[in-house]
Amino acid sequence: MTLYVKDAANAIIFAIENNLEGIYNIGSGKGVKVYEIKKIFEKFQKKEFEIEFKDKRKGRDLINIEKIKKKGFEKKYEIEEGIKEIILKEKN
């Protein structure tokens, strides 16, 4: 599961402004494979690179984000947008 840092910060602000108490999972609600992230980086870096995979993990790491969604929080950034923004800042 992926989450851009600005969405994480927005979730904290949302919780404070709405007086939320308790534990709330935040995330995108969908999993992203390392290979997909690699392709996004290659697209914006305009070069290919290799990834060395070690032991393959079993299972998936998806969390339930319905609790905070029911309170009205929605993430704003897709993984590609976040990576693009980070790379563009690095180049400038």
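Our subject is the structure that appears above.
Note that this is a predicted model, so its numbers are computed, not measured.

**A word on the environment of E42**
Piece 1. If you trace the backbone, E42 turns up in helix α2 (residues 34-45).
Piece 2. For the pair E42 and I63, spaced 21 residues apart in the sequence, the C-alpha separation amounts to 28 Å.
Piece 3. In contact with E42, not counting residues within four places along its chain, are K47, E48 and F49.

**Brief notes about the pattern of salt bridges**
Piece 1. Evaluated as defined, the whole model comprises 7 salt bridges.
Piece 2. For E42, the salt bridge is made with K38, and the minimal N-O distance between the two is 2.5 Å. Residue E42 and its partner K38 are located together in helix α2, separated by 4 residues, close to a single helical turn. Judged on exposure class, the residue E42 and its partner K38 are both buried.
Piece 3. K75 is paired through a salt bridge with E78; the nearest N and O atoms lie 3.0 Å apart.
Piece 4. The exposure class of K75 is partly exposed, given its relative accessible area of 23%.
Piece 5. A residue is classified by how much of its surface remains accessible, and E78, at 37% relative accessible area, is partly exposed.

**Concerning the side chain of K38**
Piece 1. With relative accessibility at 12%, the residue K38 sits in the buried group.
Piece 2. Of the polar contacts made by the side chain of K38, one reaches the side chain of E42; its length is 2.5 Å.
Piece 3. Discounting chain neighbours no more than four positions away, the residues touching K38 are F49, E50 and I51.

Rules of the game
- Residues numbered from 1 in each chain as written.
- Predicted model: local features only at pLDDT ≥ 70, side-chain atom pairs only at ≥ 80, totals over all residues.
- Heavy atoms only, no water.
- Helix = DSSP H or I, 4+ residues; strand = E, 2+ residues; numbered from the N terminus.
- Contact = heavy atoms within 4.5 Å.
- Salt bridge = Lys/Arg side-chain N within 4 Å of Asp/Glu carboxyl O.
- Buried < 20%, exposed > 50% of the residue type's maximum accessible area, 1.4 Å probe, protein only.
- Polar contact = N/O pair within 3.5 Å; in protein donor to acceptor, adjacent residues only side chain to side chain.

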